[in-house]
Amino acid sequence: LKIASSLGKSDAMTAVFKTVAEWREFLGARRKKGQRIALVPTMGALHEGHVSLINLGKQHAQCVVATIFVNPTQFAANEDFSRYPRPFEADLTKLAAAGCDAVFVPSVEEMYPPGDATRITVAGPALAKLDDVFRPTHFDGVATVVAKLLLQAMPDGAIFGEKDWQQLAVIRQMVRDLMVPVAIIGAPTLRAADGLALSSRNMYLSSSERAKAPAIHQCLQNAAAAIRNGVAPGAATAEATHALRSLGFAVDYVTARHATSLQPVTHADEGPIRLLAAAKIGTTRLIDTIGV
Ligand code: PAF
């Protein structure tokens, strides 16, 4: 199956593949032509942040491809798997306009066929008591699906957004430990004009929640400024937590960590420091992160 979609102003084509066999055949042909391949794994509901990942891919490879798969194993039973947005036609239009060469859109049965049983559990410093505590099965699902997507495509590079800072650390640890021959490339977070980090989940926000949501970024910025001015990281993040709670957020964490080891820091000179936050507004859980 090779559906070429002619969509959007540019009349660009993004080939769509639904089976692993055809996906491998397409990518193998590109490799034979001597092209480097960059992979952008996504769960769809694409926004400008994803487009920036495609654009970054173009700097690294002649062939830039994406995957769209809402991965059930990374959602807990009480999470938003069934209501996660799946605007497939709009996604295809965006990929075509961005110049993405091809997209792999497998079914759940293609990724997890009958009898599938293996799960990857990443250990080590990336499991730093952040989202691994609040979403205990999440990173097993992420590591497992990303390993599958990498082994299916065998790209030269794979690109992930830095907004999911801990996810990026987990993926780097998994790739290193399993010796997957791929360069993992982090891409900077894109933000709305008011500072809210772009996320597919932003579309869950009501207009009043959307108006409040940039406070997460604002509080992180205030904490970063305080740390730069000599306030202890713990005091700065406690202040950010308090500010968010008083605005009605249910805060899972606001924390100062070493940017690469993800271990807690108590003094500014233990950096480079990364601030990470996760908080719910209404029923929507948002995460954000900035460097100090
Ligand atoms: O960040 C995401 O969109 C997902 O966690 C990923 C990496 C595509 C795995 O499903």
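Structure report, in brief. (Residues numbered from 1 in each chain as written. Predicted model: local features only at pLDDT ≥ 70, side-chain atom pairs only at ≥ 80, totals over all residues. Heavy atoms only, no water.)

## As for the site of the ligand
In the neighbourhood of the ligand, the contacting residues comprise P41, T42, M43, Q74, V145, F160 and Q167. At 2.6 Å from an oxygen atom of the ligand is found a side-chain nitrogen or oxygen belonging to Q74. Contact between the ligand and Q167: an oxygen atom at 2.8 Å from a side-chain N or O atom of the residue. Against a free-state accessible area of 290 Å², the protein chains account for coverage of 88% of the ligand. By residue class, the composition of the shell around the ligand is four nonpolar, three polar and no charged. (Near = heavy atom within 4 Å. Polar contact = N/O pair within 3.5 Å; in protein donor to acceptor, adjacent residues only side chain to side chain. Areas by Shrake-Rupley, 256 points an atom, 1.4 Å probe, with all protein chains shown as cover. Nonpolar A, V, L, I, M, F, W, Y, C, P; charged D, E, K, R; others polar.)

## Brief notes about the pattern of salt bridges
Applying the stated criterion to the full structure yields eight salt bridges. Notably, a salt bridge pairs D80 with R201, separated by 2.9 Å at the nearest N-O pair. Placement of D80 in the loop between strand 4 (63–68) and helix 3 (88–98) and of R201 in the loop between strand 7 (183–187) and helix 8 (207–212) is noted, with a sequence separation of 121 residues between them. Each member of the pair, D80 together with R201, is buried. Between D288 and R191 there is a salt bridge, with its nearest N and O atoms 2.9 Å apart. Pair noted here: D288 is in strand 10 (residues 284–291) and R191 is in the loop between strand 7 and helix 8, with a separation of 97 residues, a long-range link. (Salt bridge = Lys/Arg side-chain N within 4 Å of Asp/Glu carboxyl O. Helix = DSSP H or I, 4+ residues; strand = E, 2+ residues; numbered from the N terminus. Buried < 20%, exposed > 50% of the residue type's maximum accessible area, 1.4 Å probe, protein only.)

## Here's the deal with the pairing of strand 10
Burial analysis of strand 10 places seven of its eight residues in the buried class, the great majority of the element. Strand direction decides the pairing type here: strand 9 (residues 273–281) and strand 10, joined by eight bridges, are antiparallel. When the bridges of strand 10 are listed, A279 appears paired with L286. Between strand 9 and strand 10, which follow one another and run antiparallel, lie two residues, and G282 among them has a positive phi close to 60°. (Pairing = 2+ DSSP bridges.)

## Section: the state of the cysteines
Tallying each qualifying case throughout the model produces zero disulfides. Unpaired in this structure, C63 has its nearest cysteine sulfur neighbour in C100, at a distance of 8.3 Å. Judged by relative accessible area, C100 falls into the buried class, the value being 1%. (Disulfide = S-S within 2.5 Å.)

Treat this as a map of the structure, not an account of what it does.
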